[in-house]
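If you want the building blocks of each chain, they are given just below.
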Amino acid sequence: MWAIKVMAAIAVLGATLLAPPATLADAHEDYVLNCQGCHGADGGGASDAVPSFRGSLGRFLRVPGGREYLVRVPGTSQSALDDARIASLLNWMLHAFSADDLPRDFTPYDEAEIARVRRPPLIDVTGVRRRLVDQIRALGACASSDYTSDTLARGAR
Ligand code: HEC
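Bear in mind that the values here come from a model prediction, so they are computed numbers and not experimental data. The numbers attached to residues start from 1 for each chain and follow its sequence in the written order. Whole-chain, interface and lining totals are the exception, using all residues; otherwise, since this is a predicted model, local features are given only for residues with pLDDT of at least 70 and side-chain atom pairs are given and counted only at 80 or more.

A. View of the overall build of the protein. The helix and strand tally for the protein stands at 8 helices and 0 strands. Helix and strand definitions here come from DSSP, where helices need a minimum of 4 consecutive H or I residues and strands a minimum of 2 consecutive E residues; each element is numbered from the N-terminal end. Listing each helix as α and each strand as β along the protein from the N terminus yields α-α-α-α-α-α-α-α. Comment: burial labels come from other C-beta atoms within 10 Å of the residue's own C-beta, placed from the backbone, where a count of 20 or more is buried, 12 or fewer is exposed, and between is partly exposed. Expressed as a percentage of its 157 residues, the buried residues of the protein come to 27%. Throughout, a pair of residues is in contact if the C-beta atoms placed from their backbones lie within 7 Å. Look at the contacts in the protein between residues 6 or more apart in sequence, and 72% of them connect residues 24 or more apart.

B. Molecular detail of the site of the ligand. In the vicinity of the ligand there are 17 residues, among which Asn 34, Cys 35, Cys 38, Gly 75 and Ser 79 approach most closely. The set of elements that each furnish at least two residues to the shell around the ligand consists of helix 3 (36-39), helix 5 (74-77) and helix 8 (125-139). Amino acids outside the nonpolar list (Ala, Val, Leu, Ile, Met, Phe, Trp, Tyr, Cys, Pro) and the charged list (Asp, Glu, Lys, Arg) are all regarded as polar, and Gly is one of them. Its residues placed into classes, the shell around the ligand shows 9 nonpolar, 7 polar and 1 charged. We call a residue near a molecule or strand when the C-beta position, derived from backbone atoms, sits within 6 Å of it.

C. Inspection of the packing of helix 2 (residues 24-34) against helix 6 (residues 83-98) at higher detail. For the pair helix 2 and helix 6, interaxial distance at closest approach is 9 Å and the crossing angle is 90°. Put simply, helix 2 runs roughly perpendicular to helix 6. Facing Leu 24, Asp 26, Ala 27, His 28, Asp 30 and Tyr 31 of helix 2, the residues of helix 6 in contact are Arg 85, Ser 88, Leu 89, Trp 92 and Met 93. Only the contacting stretch of a helix is used when fitting its axis, a line to C-alpha atoms as for every element, and angles between N-to-C directions run 0 to 180 degrees. Working definition: roughly parallel below 35 degrees, roughly antiparallel above 145 degrees, roughly perpendicular at 65 to 115 degrees, and oblique for all remaining angles.

D. Representation of helix 8. For a helix, the expected span equals 1.5 Å multiplied by the residue count minus one. Helix length check: helix 8 (15 residues) gives 21 Å between terminal C-alpha atoms against 21 Å at 1.5 Å per residue, within 8%. Buried within helix 8 are the following residues: Arg 129, Leu 132, Val 133 and Ile 136. When helix 8 is viewed along its axis, its buried side chains cluster within an angular range of 100° and face the same direction. Facing away from the buried side of helix 8 by more than 90 degrees, the exposed set consists of Gly 127 and Ala 138. Where helix 8 is buried, its residues meet helix 4 (66-72). Residue Gly 140 follows helix 8 closely and has a positive phi angle near 60°. This arc describes the spread of directions from the helix axis toward the C-beta atoms.

Have a look at this one:
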């Protein structure tokens, strides 16, 4: 009897150790279940209330503090997802919605970085976002016409 229990325990342990890390498919699913309701299937946001990720998200990585902002913004930091899944999710979102805007030296988020940056919660979200958007505009990394859509408009008002 004990032998069966030991074998069962080994089987469970093996399955746990061999569980694959979060994949791109998992990240997409996490997006659909946790973020899409506000941010839209295509990352296009919702009118004035939720900013679009398209042509926008990757630009935050070009200015100081932007990389942390994407982690600390409430939608990300307050989600029920663990640090590893958030890292995969953000990497997936950046590629799915804003690949052309990523800096050349972009290094993907990993679990340790999310754990380090996620807390404490960001209090002045609007103010922080506004300053980042101003810095992105000041970079002149893109024609101002790039911003005529609601991509970064929310923080510019
Ligand atoms: C209830 C609606 C809502 C949900 C759900 C939501 N967000 Fe957001 N998200 C927002 C709003 C509104 C903003 C603009 C900043 C702010 O006011 O929080 C935002 C901003 C962001 C930003 C920064 C982009 C920018 O242009 O400022 C990221 C990154 C982000 N959300 C990630 C996520 C992730 C990841 C999820 C799912 C795990 C998620 N959000 C779920 C509403 C939402």
